[in-house]
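Structural overview for review
Here's the letter readout for the chains.
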Amino acid sequence: MNVSAGSYESNDCLITLEPAAELECIIHSVVKEQFGEQIELVLKQTLAGHNITHVKLVINDKGALDYTIKARLETAIRRMRDLDE
Amino acid sequence: MSRSFLFLPGNNPGSLQNLDIFNADSIIIDLEDSVTFDTKDEARDLVYHFLSKFMFKTPSIYLRINDISTPFFNDDIDVLDSLEFKGYVLPKATKESVISLSKKTDKSIIALLETPMSLVKSEAIISLKQVDAVLLGAEDLTTAMKIESTVSRQEITYVRSKLALECAAHETLFIDTPYTDKDDLAQLKNDCLQAKILGANAKSIIHPNHVDVVNTVFSPTTHQIANAKRILKKAETHQKGAFNLDGKMIDKPIINRAKNLIAQAKKYQLL
């Protein structure tokens, strides 16, 4: 079962998480060419901070800054853990 | 000392990132009415990371948290209180809820008075030490009273006057209720003037279009500034008692008012 946080609004992003056999990050972004690597770095650092290694993450980004990406991912992680409990 | 308090939705990164371009003296980041029940956690996380990343000297930042009867009240404070912001706007404030909040934080509190009972007991709330300001929430109040919210605002004359008097007595800022028609700037100005005449010090705002009108009305006018300067200049040469200026008696309260007006004018860079 997957969980989401965020939105498709401008300056925001929608992040979806679901359990997986390994870590997989799929990035859809209006600025992927310029900032794709930075987005991936923020996502992976945030996941690592929670010791999450087996998850499929999909981000639909509409120009979110780093703090927004991190916030949306933190919410999604908590929601996923709440589901597990 | 702020003239304008602009509400911005707490779950909207685009609004948060631009909060310093609207020219409002204070910003109220909203975690309550503008945030749906199922996204309270999203908004709280977003505001946490936003305020962790960005610091603002101006405008002053307040957070409207969820009221004490909700399951979000404690989470809002526990997660956000360590961050840099000026204070909380506490919805549906009562004496008891203000005291509960003040036990959890040292930050200032703006009590949002929006129920009939909170208006009946308003002085007990205003007199609390941590209450720096009260904000009148007329829409919820008139709904609870089952009366119509009119363009003339006649229905809130009494509560505006009551709060203005009590706030003056306790040296607390009185922030007027927002004007809800975002396009009618002429009526907004009338609404501001009515509130100011009755004693409001500032106004809350729910659309950035309103900031300039509110700032203008709640600033000292050019005429008031010139008059205050004349009073203070003449007062320098009359060290004792009252004196006459343009046929009017000028005494200590009027001199003090002139000093306050000049201080305001300086703060708003009108001098």
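Each value, and the rule that gives it
Residues numbered from 1 in each chain as written. Chains lettered and ligands numbered in written order. Predicted model: local features only at pLDDT ≥ 70, side-chain atom pairs only at ≥ 80, totals over all residues. Helix = DSSP H or I, 4+ residues; strand = E, 2+ residues; numbered from the N terminus. Contact = placed C-beta atoms within 7 Å. Pairing = 2+ DSSP bridges. Axes fitted to C-alpha atoms, helices over the stretch in contact; angles between N-to-C directions. Nonpolar A, V, L, I, M, F, W, Y, C, P; charged D, E, K, R; others polar.

1. Points about the overall build of chain A
Helix and strand counts for chain A come out as two helices and four strands. Tracing chain A from N to C terminus, the helices and strands come up as β-β-β-α-β-α. Contacts spanning at least 24 positions in sequence make up 75% of the contacts within chain A whose residues lie at least 6 apart.

2. Examining the sheet that holds strand β3 (residues 60–64) of chain B
Residue and element names in this part refer to chain B. Around the barrel, eight strands lie side by side as β1-β2-β3-β4-β5-β6-β7-β8; this closed barrel has parallel pairing. Neighbour-to-neighbour, the strand axes of this sheet turn through a mean angle of 25°, independent of strand direction. Bridge analysis of strand β5 (residues 108–113) against strand β6 (residues 131–136) gives five bridges, and the strand direction is parallel. Within the sheet, the bridge partner assigned to A111 lies in β6 and is V134.

3. So, the environment of C13 of chain A
By the element assignment, C13 of chain A lies in strand β2 (residues 13–19). Beyond its immediate chain neighbours, meaning those up to four positions away, C13 of chain A contacts G6, I59, N60, D61, K62, A64, T68, I69 and R72 of chain A.

4. Here's the deal with the interface of chain B and chain A
Across the contact, 11 residues belong to chain B and 15 residues belong to chain A. Among the elements of the structure, α1 (13–17) and α2 (40–53) of chain B are those that each provide at least two residues to the side of chain B that touches chain A. Element by element, the count of residues in the side of chain B that touches chain A is highest for α2 of chain B, at eight residues. Of the residues assigned to the side of chain B that touches chain A, the class counts are four nonpolar, three polar and four charged.

5. Considerations on the environment of K70 of chain A
When you line up the elements, K70 of chain A lands in helix α2 (residues 66–84). Through-space distance from the C-alpha of K70 of chain A to that of L14 of chain A is 11 Å; in sequence the pair is 56 residues apart.

6. What to know about the sheet that holds strand β3 (residues 24–29) of chain A
Residues and elements named next belong to chain A. Spatially, the four strands line up as an open sheet ordered β1-β2-β4-β3, and their pairing is mixed. The sheet terminates laterally at β1 (3–6) and β3, the two strands that pair on one side only. Along the sheet, successive strands turn relative to each other by an average axial angle of 10°, direction set aside. Judged from the seven bridges that link them, β2 and strand β4 (residues 55–61) form a sheet pairing that is antiparallel. Across the sheet, residue P19 finds its bridge partner in β4, namely V55. Here helix α1 (residues 32–49) sits on the sheet in contact with β3 and β4, set at roughly 145° to β3.

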